[in-house]
Amino acid sequence: MGRNFNLDEIPDMTGKVCIVTGGNTGIGKICVQELAKKNAHVIVASRTPSKGQAVVDEVKESTKNDKVEFMQLDLLSLSSVSAFIQSFKDKNLPLHLLLNNAGVMSCPFTLSEDGIEAQFATNHVAHYYLTTQLLPILEKSQPSRVVNVSSLAHKYIFWNGLVLDDMNDESKYNKHMAYGRSKAANILFTRELTRKLEDSGDKYKNVYVNTNHPGAVSTELTRHNESMTMSVMRRLFFIAPEDGAKTQLYLATSPEIEKKNIKGKYFVPYGDESVPNKHAASQENQTKLWDFTENLLKEKVPGYTGANI
Ligand SMILES: NC(=O)c1ccc[n+]([C@@H]2O[C@H](COP(=O)([O-])OP(=O)(O)OC[C@H]3O[C@@H](n4cnc5c(N)ncnc54)[C@H](OP(=O)(O)O)[C@@H]3O)[C@@H](O)[C@H]2O)c1
């Protein structure tokens with residue numbers, strides 16, 4: 001019998017500060033609600049102020065928790081990520097949970113503000129930058145956690161492996177493969193970051209970084225792939241966002257993570273450890289992705305000094 005994590009198992013989060021990217025809708029919104037219900041200080045990090053603030057108002061009202069706030073973050077713009085990092089630092093808050101949940105799936109070919117294929121830019125590069133720059137705060141706030149929301153779609157790279165060099169070539173673009181690559185990147189990043197943190201001795205001993213597939217969840221994620229079939233599939237087979245949020249909330253809040261020292265792992269509904277595709281779990285690809293992302297950030301972010309782990 002597998003783990004069947006229940007939202008009632010989320011412990012009291014009083015005093016815990018949590019950032020949820022893409023907290024304005026779908027799975028992220030449920031995470032915001034559940035964390036706020038348990039008294040956490042929750043930052044809804046979203047790109048559109050009106051959408052983010054609406055969720056803040058709604059969650060404050062329903063939970064009577066005043067420590068829910070909106071901070072603007074557009075993952076398609078590294079300068080927006082830089083501004084978010086600075087604004088968060090300026091608050092002098094600890095950080096106990098960074099929930100890298102925002103994502104875009106199978107959109108038509110576009111480039112981010114920085115000229116990076118949009119799914120890779122949103123789902124991987126911006127979250128990598130955000131996480132590594134907030135690490136000093138996560139370190140000071142230990143025990144602390146990072147959850148990178150991946151997908152079963154990471155397995156799409158089974159065909160070609162991890163191909164990074166041609167991602168900005170529109171003629172080679174396959175929107176589903178590009179989603180798979182970005183979601184494989186979430187797992188590779190989780191594993192490589194964990195390895196690097198462990199290699200630095202005891203400094204990050206109680207920083208727990210994990211990743212998950214939330215399930216096939218009925219949300220707005222399919223917005224770029226709407227069809228009659230998709231709508232029927234969603235109604236018949238997809239789970240509710242409340243259930244989709246369980247696995248990441250397990251990784252984000254369950255005391256089991258610390259008790260069992262769960263680090264660098266991939267989890268599936270509803271809180272079961274699983275094994276990613278071999279291309280998303282190879283040391284060679286972990287190193288390749290890390291180096292590629294570091295080089296990209298050096299090129300795109302003025303004054304970037306590296307992940308510094
Ligand atoms: N739903 C599923 O079946 C499923 C399956 C596997 C994995 N996942 C993963 O679960 C996570 C949550 O997805 P969901 O299903 O809840 O989808 P969703 O309802 O579409 O929510 C995605 C969230 O990401 C935000 N986002 C997208 N691009 C952004 C950007 N450039 N800057 C800031 N925020 C941005 C969206 O903001 P806007 O509202 O402003 O667009 C929204 O808040 C994603 O990482 C997805 O890959 C979902």
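Basis of the calculations
- Residues numbered from 1 in each chain as written.
- Predicted model: local features only at pLDDT ≥ 70, side-chain atom pairs only at ≥ 80, totals over all residues.
- Heavy atoms only, no water.
- Core = buried A, V, L, I, M, F, W, Y, C linked by side-chain atoms within 4.5 Å.
- Buried < 20%, exposed > 50% of the residue type's maximum accessible area, 1.4 Å probe, protein only.
- Helix = DSSP H or I, 4+ residues; strand = E, 2+ residues; numbered from the N terminus.
- Contact = heavy atoms within 4.5 Å.
- Axes fitted to C-alpha atoms, helices over the stretch in contact; angles between N-to-C directions.
- Left-handed = near helix turned anticlockwise from the far one by under 90°.
- Near = heavy atom within 4 Å.
- Polar contact = N/O pair within 3.5 Å; in protein donor to acceptor, adjacent residues only side chain to side chain.
- Areas by Shrake-Rupley, 256 points an atom, 1.4 Å probe, with all protein chains shown as cover.
- 1 Å grid on protein atoms, 1.4 Å probe; cavity = no way out; pocket = protein on both sides within 12 Å on 5 of 7 lines; lining within 4 Å.
- Sits in = over half its atoms within 2 Å of the grid points.
- Nonpolar A, V, L, I, M, F, W, Y, C, P; charged D, E, K, R; others polar.
- Points joined across faces, edges and corners; volume = space filled by probe spheres on them.
- Pairing = 2+ DSSP bridges.
- Right-handed = clockwise from strand over helix to strand, strands pointing away.
- Salt bridge = Lys/Arg side-chain N within 4 Å of Asp/Glu carboxyl O.

(A) Region of interest: the nonpolar core. Ranked by size, the top nonpolar core spans 46 residues in total, and within it I19, F84, F88, F120 and L134 carry the most contacts. Among the secondary structure elements, those contributing two or more residues to this core are β1 (17-21), β2 (41-46), α3 (78-90), α4 (118-140), α5 (175-199), β6 (207-212) and α10 (283-300). Of all the elements, α4 adds the most residues to this core, at eleven residues. Excluding anything up to four places from it in sequence, F88 contacts V17, I19, I43, M71, L93, P94, L95, L134 and I137. Of all hydrophobic cores here, the second largest spans 34 residues; its members include F5, V20, L35 and V56.

(B) The arrangement of the packing of helix α1 (residues 26-37) against helix α2 (residues 49-63) in detail. Following both chains from N to C, one finds α1 and α2 inclined at 35°, their axes separated by 10 Å at the closest point. Seen along the crossing, α1 lies across α2 with a hand that is right-handed. Contacts between α1 and α2 involve K29, V32, Q33, A36 and K37 on the former and, on the latter, V55, E58, V59 and T63.

(C) Molecular detail of the environment of A281. Relative to the elements of secondary structure, A281 occurs in the loop between β8 (272-274) and α10. In this structure A281 comes out as partly exposed when scored by relative accessible area, which is 24%. When sequence neighbours within four positions are dropped, the list of residues in contact with A281 reads L188, R191, P276 and Q286.

(D) The arrangement of the site of the ligand in detail. The local shell around the ligand holds 30 residues, among which N24, R47, Y179, V217 and T219 are the closest. Within the backbone of G215, a nitrogen or oxygen atom sits 3.3 Å from an oxygen atom of the ligand. For the ligand, the protein covers 97% of the area, taking 900 Å² as the surface of the free molecule. The cavity that encloses the ligand is the largest pocket. Elements that contribute at least two residues to the shell around the ligand include exactly α1 and α5. Split into classes, the residues belonging to the shell around the ligand amount to eleven nonpolar, 13 polar and six charged.

(E) Expanded view of the layout of surface pockets. Here the largest pocket is characterised by a volume of approximately 1,200 Å³. For the largest pocket, the lining is made up of 50 residues, of which G103, V104, M105, Y179 and L221 are closest to its centre. Secondary structure elements with two or more residues in the lining of the largest pocket: α1, β2, α4, α5 and α6 (228-237). Looking at the lining of the largest pocket residue by residue, the classes come out as 22 nonpolar, 22 polar and six charged. Its volume calculated, the second largest pocket comes out at about 280 Å³. What lines the second largest pocket is a set of 15 residues, among which N160, V163, K172, M177 and R181 lie closest to the centre.

(F) Inspection of the pairing of β6 at higher detail. In terms of burial, β6 is largely enclosed, as six of its six residues are buried. On β6, burial covers both faces: V207, V209 and T211 on one face and Y208, N210 and N212 on the other are all buried. When strand β5 (residues 144-149) meets β6, the two strands line up parallel, connected through six bridges. Counted as the bridge partner of V147 is N210 from β6. Read from β5 through α5 to β6, the crossover connection turns out right-handed. Bridging between β6 and strand β7 (residues 266-268) involves two bridges; their strand directions are parallel.

(G) Here's a closer look at the side chain of S150. Its location among the elements puts S150 in the loop between β5 and α5. Those residues in contact with S150 that sit more than four places away from it in its chain are K183, N186, I187, T211, N212, H213 and P214.

(H) Geometry of the pairing of strand β3 (residues 68-72). Sheet analysis places β2 next to β3, joined by five bridges and oriented parallel. Pairing of A45 across the sheet is with M71, part of β3. Traced from β2 through α2 to β3, the parallel crossover comes out right-handed.

(I) Expanded view of the pattern of salt bridges. One pass over the full model with this rule turns up 16 salt bridges. In this structure, E220 engages R223 in a salt bridge whose closest nitrogen and oxygen atoms are separated by 3.8 Å. Owing to a relative accessible area of 40%, E220 belongs among the partly exposed residues under this scheme. Salt bridges here are not isolated pairs; linked through shared partners, they connect R3, E9, E256 and K260.

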